[in-house]
Amino acid sequence: MHGTPSVRHTVAGQGIKRREVLRMLAMAATVAPFPGFSKWGFGCGHLGKAPQQIKPMSYQPQFFSASEYALVERLAELIIPSDATPGAREAGVAEFIDFIVFSDPSIQYDFRTGLTWLNAHSERRLGKRFVELTPEQQSALLEPLAYKKKARAGEEDGRRFFSLVREYTVTGFYTSEIGFKELDNPALKFYADSPECPHKDDPEHLHLAQPNS
């Protein structure tokens, strides 16, 4: 949700481990060939020699209705906002989530009912649908769903849904071209060509100590 970088890190789950990132990359690789993305692009898309595809001017949701898609886009933006660096909106995270949900029937019910729950919850507490609230109201409404210490009884369904949205938001962001750069972890870097050997004067590596026989 919007605020200082420390809040952004906590809500977005930026402390993810290498194993989780590799799972995310595998998920993203399955949807990367879809030509309809206008913003989202696979972070490892530079690998190989295939020419880049021309992206459409705008994205056409494959699963969500227009109002549902706007809500998904706003949630992603609140989870990873555009502060000092580009966030979920610039990375096209909502496009990624929509296509993932479209491709995976097993999560379609959870997403659709979760969006319905959030709008109903917003109308009960503040008299408006979620996207009609001010940014401050939106953040205040989400905090009990995002933080265990602020959890309220009767909002268990909302917490499960927010956890689901956060997982796919983080996946979409950190597998995008924009988000992948933010990981800045040498163990996660990929190379199109093998790094050149530094021992140009000794290609047979005779200077290296030999193992004991």
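Since this is a predicted model, take the numbers as computed values, not measurements. (Residues numbered from 1 in each chain as written. Predicted model: local features only at pLDDT ≥ 70, side-chain atom pairs only at ≥ 80, totals over all residues. Heavy atoms only, no water.)

### Quick notes on helix α5 (residues 93-103)
For α5, the buried fraction is high: nine of the eleven residues fall into the buried class. Listed in full, the buried residues belonging to α5 are Val 93, Ala 94, Glu 95, Phe 96, Ile 97, Asp 98, Phe 99, Ile 100 and Val 101. (Buried < 20%, exposed > 50% of the residue type's maximum accessible area, 1.4 Å probe, protein only. Helix = DSSP H or I, 4+ residues; strand = E, 2+ residues; numbered from the N terminus.)

### Quick look at the nonpolar core
If you look at soluble globular proteins, the nonpolar side chains tend to sit buried side by side. One finds Phe 64, Leu 75, Ile 97, Phe 111, Leu 118 and Phe 130 to be the most contacted residues of the largest nonpolar core, which totals 51 residues. Of all elements in the fold, only α2 (18-31), α3 (66-79), α4 (88-91), α5, α6 (108-126), α7 (135-146), α8 (156-174) and α9 (177-183) reach the threshold of two or more residues within this core. With eight residues, α8 is the single largest residue contributor to this core. (Core = buried A, V, L, I, M, F, W, Y, C linked by side-chain atoms within 4.5 Å.)

### Things to note about the confidence of the model for the protein chain
Regions with low pLDDT carry predicted coordinates that are not meant to be interpreted in detail. Across the protein chain, the average pLDDT comes to 81, with 72% of residues at or above 70. Confidence, expressed as mean pLDDT per element, reaches its minimum in the protein chain at helix α1 (residues 5-12) with 40 and its maximum at α6 with 98. Across residues 2-14 the pLDDT falls below 50, and counting only partners more than four positions away or on other chains, this stretch makes 31 contacts in the model. Contacts from residues 190-195, a stretch scored under 50 in pLDDT, to residues over four places away or in other chains number seven contacts. (pLDDT = per-residue confidence, 0-100. Contact = heavy atoms within 4.5 Å.)

### Some words on the side chain of Arg 74
Here Arg 74 shows up in helix α3. The residues contacting Arg 74, other than those within four sequence positions of it, are Phe 130, Pro 135 and Gln 138.

### Quick word on the side chain of Glu 68
The topology assignment puts Glu 68 in helix α3. Since its relative accessible area comes to 15%, Glu 68 is described here as buried. Within the structure, the side chain of Glu 68 is placed 2.8 Å from the side chain of Arg 112, a separation counted as a polar contact. If we skip the residues at most four places from it in the chain, Glu 68 touches Arg 112 and Leu 115. (Polar contact = N/O pair within 3.5 Å; in protein donor to acceptor, adjacent residues only side chain to side chain.)

### Considerations on empty space enclosed by the protein
Taken as a whole, this structure holds one cavity of 30 Å³ or more when the rule is applied. In this structure, the largest cavity occupies an estimated 40 Å³ of space. As for the largest cavity, its lining consists of Leu 75, Trp 117, Leu 118, Leu 142, Leu 145, Gly 158, Phe 161, Phe 162 and Val 165. Secondary structure elements with two or more residues in the lining of the largest cavity: α6, α7 and α8. For the lining of the largest cavity, the element with the most residues is α8, which contributes four residues. Residues that form the lining of the largest cavity fall into these classes: eight nonpolar, one polar and no charged. (1 Å grid on protein atoms, 1.4 Å probe; cavity = no way out; pocket = protein on both sides within 12 Å on 5 of 7 lines; lining within 4 Å. Points joined across faces, edges and corners; volume = space filled by probe spheres on them. Nonpolar A, V, L, I, M, F, W, Y, C, P; charged D, E, K, R; others polar.)

### Section: the environment of Glu 182
Following the sequence through the fold, Glu 182 ends up in helix α9. Relative accessible area serves as the criterion here: at 30%, Glu 182 is assigned to the partly exposed category. Considering only alpha carbons, one finds Glu 182 and Thr 85, 97 residues apart in sequence, at a separation of 9.2 Å.

### Considerations on the layout of surface pockets
Of the pockets and cavities examined, the second largest pocket occupies roughly 180 Å³. Every residue along the wall of the second largest pocket is listed here: Tyr 109, Asp 110, Thr 113, Gly 114, Trp 117, Asp 157, Arg 160, Phe 161 and Leu 164. Of all the secondary-structure elements, those providing two or more residues to the lining of the second largest pocket are α6 and α8. When the residues that make up the lining of the second largest pocket are grouped by side-chain class, the tally is four nonpolar, two polar and three charged.

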